[in-house]
Amino acid sequence: MAYGSELENLDEDGYTQLQFSSRGITKIPVSSEKGVLSSSCPPNWIAHENSCYLFGTSLNSWNGSKRQCSQLDSYLLKIDSSKELEFIVKQVSSQPVKSFWIGLSRPQAEGPWLWEDGSKFSPNLFEIRSTVTQENSSHNCVWIHVPIIYDQLCSVPSYGICEKKLSI
Ligand code: CA
């Protein structure tokens, strides 16, 4: 019934016509959101520099957290600079009992630490503290438990930090 002819929708002061056309306009952003870099962060995400960050509220393995981020068009946190590290430490300091997965892992215990995009971890940025207590256990994923960054068993349930880039 909303899609009657233009003549039927036009009343004297044009109100009905106005409603009709504004309904059409609101549809446009919804369909163009997918896969496009946004210039502002989605609700509940925190903006910092040129990224948006989401601090997870549910427990998951490292792989599960990675999947959750990718479902939200993002990736597990990649710490690119000391400035970014400082921001993250500040954020997680408000939740000191929680550990948060970041996007660092290694294929095997001897392998190099890699970010999700395949780039190598630079030890100049921070230290990954080893928590391996038994020789055979492989702690190949990394989490931050403020203010320290540890290696950990990838299957341990924890929260995750997702990051997505903003368009500039
Ligand atoms: Ca980053």
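Residues numbered from 1 in each chain as written. Predicted model: local features only at pLDDT ≥ 70, side-chain atom pairs only at ≥ 80, totals over all residues. Heavy atoms only, no water.

Chemist: I'd love a proper account of the overall build of the protein, names of residues and values included.
Modeler: Looking only at helices and strands, the protein has 4 helices and 8 strands in total. Ordered by position from N to C terminus, the α and β elements of the protein give α-α-β-β-α-β-α-β-β-β-β-β. When burial is assessed residue by residue, the protein has 34% of its 168 residues classed as buried. Taking all contacts inside the protein whose residues are at least 6 apart in sequence as the whole, residues at least 24 apart take part in 66%. Carbon and sulfur atoms form 54% of the exposed surface of the protein, whose accessible area is close to 10,800 Å². (Helix = DSSP H or I, 4+ residues; strand = E, 2+ residues; numbered from the N terminus. Buried < 20%, exposed > 50% of the residue type's maximum accessible area, 1.4 Å probe, protein only. Contact = heavy atoms within 4.5 Å. Areas by Shrake-Rupley, 256 points an atom, 1.4 Å probe, with all protein chains shown as cover.)

Chemist: Before we move on, can you summarise unusual backbone geometry with the specific residues and values?
Modeler: Cis rather than trans, the peptide bond between V146 and P147 has omega equal to -5 degrees. Inspection of the secondary structure puts P147 in the loop between β6 (141-145) and β7 (148-152). One non-glycine residue with positive phi stands out, namely N44, at about 80 degrees. Residue placement: N44 occurs in the loop between α2 (15-32) and β1 (46-48). A relative accessible area of 70% places N44 in the exposed class. Positive phi outside glycine occurs at D73, with the angle close to 60 degrees. With respect to the helices and strands, D73 occurs in the loop between α3 (62-71) and β3 (75-76). The exposure class assigned to D73 is exposed, which follows from its relative accessible area of 53%.

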